[in-house]
Amino acid sequence: AIGDSSKVRVYGPAFDGVKVGESAIFSVDYMEAGDGKLYLEMFGPAPDKLSPVEGEEVEDVTTFCLIPSSAGKYELHVTFGGEEVTNNPFIVPVRDITKVFVSGSGVTGNGTCVMKPADVKVDISEAGMAP
């Protein structure tokens, strides 16, 4: 039987978002897709590599792990039999909470009074994507 890329399923917690340095786990199920070659390519803010997860192999289902080193949007492109699978590309949002900066009088306490407005600035510009 000729492969059908529309029958490939890509799923997992990676697409809900992860923090920098955490394992982003997802699976590709091509059990019902027929004959064809599976090809995955990841694009992101850093050249991090995808690795198959050892011990998780099931026939025609492969689980992968990405450990992102930078915050931002990683795009997973999946093809089967030379055709893009449905919902391609898959987005892995990666955030870095160490890149959240808070400042202002409401944080430092300098010149603040009870029941008076205070300034608080939250800078998340380098923290990456929220899921």
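Residues numbered from 1 in each chain as written. Predicted model: local features only at pLDDT ≥ 70, side-chain atom pairs only at ≥ 80, totals over all residues. Heavy atoms only, no water.

Quick word on the nonpolar core
Counting 22 residues, the largest nonpolar core has V8, V10, F26, V28, L76 and V92 as its most contacted members. At the level of elements, β3 (24-29), β4 (38-43), β6 (61-66), β7 (72-80) and β9 (90-95) are the ones that each hand at least two residues to this core. When neighbours within four sequence positions are excluded, V28 is seen to be in contact with V8, R9, V10, L38, L40, D60, V61, T62 and F64. (Core = buried A, V, L, I, M, F, W, Y, C linked by side-chain atoms within 4.5 Å. Buried < 20%, exposed > 50% of the residue type's maximum accessible area, 1.4 Å probe, protein only. Helix = DSSP H or I, 4+ residues; strand = E, 2+ residues; numbered from the N terminus. Contact = heavy atoms within 4.5 Å.)

What about the sheet that holds β6?
The sheet built from four strands is open, its strands ordered β1-β3-β6-β5 with antiparallel pairing. Unpaired on one side and paired on the other, β1 (9-11) and β5 (50-52) mark the two borders of the sheet. Neighbour-to-neighbour, the strand axes of the sheet open up by a mean angle of 25°, direction not taken into account. In terms of strand pairing, β5 meets β6 through three bridges, oriented antiparallel. Each bridged residue has a counterpart across the sheet, and for L50 the counterpart in β6 is L66. (Pairing = 2+ DSSP bridges. Axes fitted to C-alpha atoms, helices over the stretch in contact; angles between N-to-C directions.)

As for a nonpolar patch on the surface
A cluster of nonpolar side chains, namely I97, V100, V102, V107, V120, V122 and I124, defines an oily patch on the protein surface of about 610 Å² accessible area. Position of V100 relative to the elements: it lies in the loop between β9 and β10 (101-103). (Patch = residues over 30% accessible without salt bridge, like charges linked within 9 Å, V, L, I, M, F, W, Y side chains within 5 Å. Areas by Shrake-Rupley, 256 points an atom, 1.4 Å probe, with all protein chains shown as cover. Salt bridge = Lys/Arg side-chain N within 4 Å of Asp/Glu carboxyl O.)

Details of the pattern of salt bridges
For the structure shown, the criterion picks out two salt bridges. The closest approach of N and O atoms between D29 and R9, which form a salt bridge, is 3.4 Å. One end of the pair, D29, is in strand β3; the other, R9, is in strand β1, and 20 residues separate them in sequence. Given a relative accessible area of 13%, D29 falls into the buried group. Residues K73 and E75 are paired through a salt bridge, measuring 3.4 Å at the closest nitrogen-oxygen approach. Owing to a relative accessible area of 22%, E75 belongs among the partly exposed residues under this scheme.

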